[in-house]
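Report on the structure
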Amino acid sequence: MITKTMTGIVMTATLIAGGFAAQSLQAQSAPVVPAVEAEKPELTYADMLAVPVTFDQVMRTALENAEGRLVEISLDDFNDLPVFVAVVASPTSISELTVSAMDGTILNTATQTAATPEMMQQLLDEEFEDALEFASLVDELDEDDCDCDDDDDEDDDHKG
């Protein structure tokens, strides 16, 4: 599950970084799901259709509260409540807004800025490298925690 999450983060960073380089911003990603003790089911299709706030409302809210161009909106859940995550980017900033899917209020806003588009590109490149490094560490941990067939081989070595 963590690998899927990191893949989504890496994909988003790559698409945003590529968009800045081309001066055409577009991004798609899988929702980011925080690590939890017990895995909870993701939003179902029925859950997504049942939220009272529309995609259009979230789009307007994001553009009214952050400078730039809307590059991504995803529906996720946080603390068992559905939320939209909207990403708005300009050449020198990226804002991520978390909007309640129940009433449209902004729950959180995180903005990263840079003095020039070149500095923003450098920040994105560094974040991308960090995300790749983190993903490789998580993959190594997943492999270490794996109950693989290697245990059987060790038992065979001790028998003979």
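Note that the structure is a prediction, hence the values are computed from the model and not measured.

**Topic: helix 4 (residues 117-145)**
With 29 residues, helix 4 ought to run about 42 Å at 1.5 Å a step, and its terminal C-alpha atoms sit 42 Å apart, in line with that. Within helix 4, the full set of buried residues consists of M120, Q121, L124, A131, A135 and V138.

**Some words on unusual backbone geometry**
Even without glycine at this site, N79 takes up a positive phi of about 50°. Mapped onto the fold, N79 is located in the loop between strand 1 (69-78) and strand 2 (81-90).

**Looking at the nonpolar core**
Membership of the largest hydrophobic core comes to 13 residues, with the highest contact counts inside it found for V58 and F84. Looking at which element gives the most residues to this core, the answer is strand 2, with three residues. Sequence-distant contacts of V58, that is, excluding residues within four places in its chain, are made with V53, I73, F84, A86 and V99. Ranked by size, the runner-up nonpolar core spans seven residues in total, among them V87, A89, I94 and L124.

**Description of the pattern of salt bridges**
Summed over all chains, the structure comprises one salt bridge. Note that R60 and D56 form a salt bridge whose closest N and O atoms lie 2.3 Å from each other. With R60 and D56 both in helix 3 (residues 55-65) and four residues apart, this pair spans about one turn of that helix. Judged by relative accessible area, which is 42%, R60 ranks as partly exposed. Looking at D56, the relative accessible area reads 37%, which means it is partly exposed.

**Comments concerning a nonpolar patch on the surface**
Together, Y45, M48 and L49 make up a nonpolar patch on the protein surface, roughly 370 Å² of accessible area in all. Note on placement: M48 falls in helix 2 (residues 45-50).

**Comments concerning the pairing of strand 2**
Burial within strand 2 is extensive, with nine of its 10 residues counted as buried. As judged from the nine bridges shared by strand 1 and strand 2, these two strands associate in the antiparallel manner. In the strand pairing of strand 2, E72 is matched with V87. Here strand 1 folds back onto strand 2 in antiparallel fashion, the turn holding two residues, of which N79 has a positive phi close to 50°. Here strand 2 pairs with strand 3 (residues 93-100) via eight bridges, running antiparallel. Across the sheet, V87 pairs through a bridge with E96, a residue of strand 3.

About the cut-offs
- Residues numbered from 1 in each chain as written.
- Predicted model: local features only at pLDDT ≥ 70, side-chain atom pairs only at ≥ 80, totals over all residues.
- Heavy atoms only, no water.
- Helix = DSSP H or I, 4+ residues; strand = E, 2+ residues; numbered from the N terminus.
- Expected span 1.5 Å × (residues − 1).
- Buried < 20%, exposed > 50% of the residue type's maximum accessible area, 1.4 Å probe, protein only.
- Core = buried A, V, L, I, M, F, W, Y, C linked by side-chain atoms within 4.5 Å.
- Contact = heavy atoms within 4.5 Å.
- Salt bridge = Lys/Arg side-chain N within 4 Å of Asp/Glu carboxyl O.
- Patch = residues over 30% accessible without salt bridge, like charges linked within 9 Å, V, L, I, M, F, W, Y side chains within 5 Å.
- Areas by Shrake-Rupley, 256 points an atom, 1.4 Å probe, with all protein chains shown as cover.
- Pairing = 2+ DSSP bridges.

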